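Geometric and topological summary
One letter stands for each residue in the lines below.
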Amino acid sequence: MIYWSPQYIGGNMSKGHFVLDKLDQVSSLEQEKRDELKNRKPRVYEKIRNFDARAHLGFISPIIRVCWDYTCNFVCDHCCAEERMPRTIRKLVAKNGKADNRYTMSYDDLAKFASDADEYGLYRMVLTGGEPTMWKDLFKVIEILDPNRHLVIMDSNALRIADEEQFSVRALADAGVYKLQISLDSFVEAEHDTFRKMPGSYQRVRKVLPQVIPAGMKLLVSTCLTAGRASTQEFADLNRYCTEEIGAMLYVTYAKPTGSCASHMDWMVTKADTDKIREFEAKGFNITTHMTPSYMRQKDAGSVPLGHYDGCITVKGINNLEPWGDIVPCPYMDVAIGNVLQDPIATILDRGMRIKDLGPQRNDCLIGEDPEFMGRHNTAVARWKIQGNQVPLPWGEFWTDKDVVL
Ligand code: SF4
Ligand code: SF4
């Protein structure tokens, strides 16, 4: 694993920005859950222990979102992945007349990445896209990532899990999926189905959710927060349902001015919304964003901690692996810090942490709240697209060696 000076990843220890991750500091509930992991997945447990012992020294072990294929059966307005989807790329290629000749990763490439990641000490792989149940080779991808070496977590809109035996909750648990992260964007049926533009979606989600924990998997309900929603009765009801009825963590993502969402500036949350989320958290609901305290390690509710760092988690807490091998340091960005077909993941993460935009601790959201960065990012992306190219911008087009300064 790579060592980082604490000032770059966690801020000042004396100011409480750090999370000290020693096993003797976890609660008895957390300890019980880790013991379970020790028996079920000793290699994962070993990596978590190694990370625990050294996180406060600056070692990182981010989640990798494995975007193996961006195909999706939904067309949501708030999607940040639409421009990466085959259906959209086909349209863009036809419009621009410039072919998309990018190489896509093979199974051997993925296997090499999984081994490098394991060696580095990464232990969480999130299958996402797109919709993973649309992948014809979903089970093959799970096998390559290896549930014994990594916690394989899967995002889903639940439609095919509810409808198709092949992807049933049981089948996913048997394949080694550790946790399901199901999207539910309103506890009011009509609102969810309208937001997701998919009649019947809500009922499918409600059918799947109560099956997940009894099947032996962990469960997270993922919801997109738009302006004003945090103060509604609907949101309070969803919180109660997750915490009290199904025992799930409610993971809140804020609508960001990127991707399809760029035309919905009215959806952007305000400080009143984010304060309200912290209020729910303070009242003991199982709710988190990756910017609030529950995302960090000591939270009793999670079986394995969701994250480790306070504030923005670019590189240190989250990275996308794109179908073309690019590593993008935030799901809402369109610019890469490297490509696993060219460099080992260790080199890429090392480089990312040394980029001034990304390495140092910060409490605000770089892509949602920093006008200077957003302007720079969006201008570069627009220029790239006008030239008929597809996102993400590869390493060397936005960030270059000149940005590796820390
Ligand atoms: S289900 Fe997810 S990936 Fe598919 S369109 Fe909706 S937000 Fe995008
Ligand atoms: S830039 Fe924003 S969305 Fe991305 S990791 Fe940081 S806080 Fe999260």
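First, a word on scope: everything that follows refers to the structure included in this document. All values derive from a computational prediction rather than experimental measurement.

For the pair helix α5 (residues 107-120) and helix α6 (residues 138-145), interaxial distance at closest approach is 9 Å and the crossing angle is 35°. In this structure, α5 uses Y107, L110, A111 and A114 to contact α6, whose residues at the interface are K140, V141, I144 and L145. Its residues assigned to classes, the contact of α5 with α6 comprises seven nonpolar, no polar and one charged.

Looking at ligand 2, the residues that line it are H290, M291, C312, I313, T314, I318, C330, Y332, C365, L366, I367 and G368. In terms of residue count, the dominant contributor to the shell around ligand 2 is helix α14 (residues 366-369) (three residues). Considered class by class, the residues forming the shell around ligand 2 number nine nonpolar, three polar and no charged.

Turning our attention to α6. All of the buried residues in α6 are L138, V141, I142 and L145. One side of α6 carries all its buried residues, which in axial view fall inside an arc of 100°. Packing partners of the buried residues in α6 comprise β1 (63-67), α5, β2 (124-128), β3 (151-156), α8 (169-175) and β4 (177-183). Residue D146 follows α6 closely and has a positive phi angle near 75°.

Another aspect to go through is the site of ligand 1. Surrounding ligand 1, one finds C72, F74, V75, C76, C79, A81, G129, G130, E131 and N157. Of the residues contributing to the shell around ligand 1, the split by class is six nonpolar, three polar and one charged.

Here the focus is the pairing of β4. For β4, a buried count of seven out of seven residues is recorded, marking the element as mostly surrounded by other parts of the structure. Of the strand pairs in this sheet, β3 and β4 are connected by five bridges, and their pairing is parallel. By the bridge assignment for β4, M154 is matched with L180.

This next bit is on the sheet that holds β4. Read from one edge of the open sheet, 10 strands run β7-β6-β5-β4-β3-β2-β1-β8-β9-β10, paired in mixed fashion. If you trace the sheet from one side to the other, it starts and ends with β7 (287-288) and β10 (338-339), each paired once. In terms of strand pairing, β4 meets strand β5 (residues 218-225) through five bridges, oriented parallel. Within β5, the position partnered with S183 by the bridge is S222.

Turning our attention to the environment of F373. Relative to the helices and strands, F373 resides in helix α15 (residues 371-386). Sequence-wise, F373 and D357 are 16 residues apart; in three dimensions their C-alpha atoms are separated by 8.1 Å. When sequence neighbours within four positions are dropped, the list of residues in contact with F373 reads D357 and L366.

Take α15 next. The end-to-end C-alpha distance of α15 is 22 Å, a good match for the 22 Å that 16 residues give at a rise of 1.5 Å each. G388 sits one or two positions beyond α15 and adopts a positive phi of about 85°.

A few words on the pairing of strand β6 (residues 249-254). Within β6, five of the six residues are buried, which leaves the element mostly enclosed by the surrounding structure. Two elements, β5 and β6, share six bridges in a ladder whose sense is parallel. If you follow L220 over to β6, its bridge partner there is M249. Crossover connection from β5 via helix α11 (residues 233-246) to parallel β6: handedness right-handed. Relative to β7, β6 runs parallel, the two being bridged by two bridges. When the bridges of β7 are listed, L250 appears paired with I287.

About the cut-offs
- Residues numbered from 1 in each chain as written.
- Chains lettered and ligands numbered in written order.
- Predicted model: local features only at pLDDT ≥ 70, side-chain atom pairs only at ≥ 80, totals over all residues.
- Axes fitted to C-alpha atoms, helices over the stretch in contact; angles between N-to-C directions.
- Helix = DSSP H or I, 4+ residues; strand = E, 2+ residues; numbered from the N terminus.
- Contact = placed C-beta atoms within 7 Å.
- Nonpolar A, V, L, I, M, F, W, Y, C, P; charged D, E, K, R; others polar.
- Near = placed C-beta within 6 Å.
- Buried ≥ 20, exposed ≤ 12 C-beta atoms within 10 Å, placed from the backbone.
- Arc of directions from axis to C-beta.
- Pairing = 2+ DSSP bridges.
- Expected span 1.5 Å × (residues − 1).
- Right-handed = clockwise from strand over helix to strand, strands pointing away.

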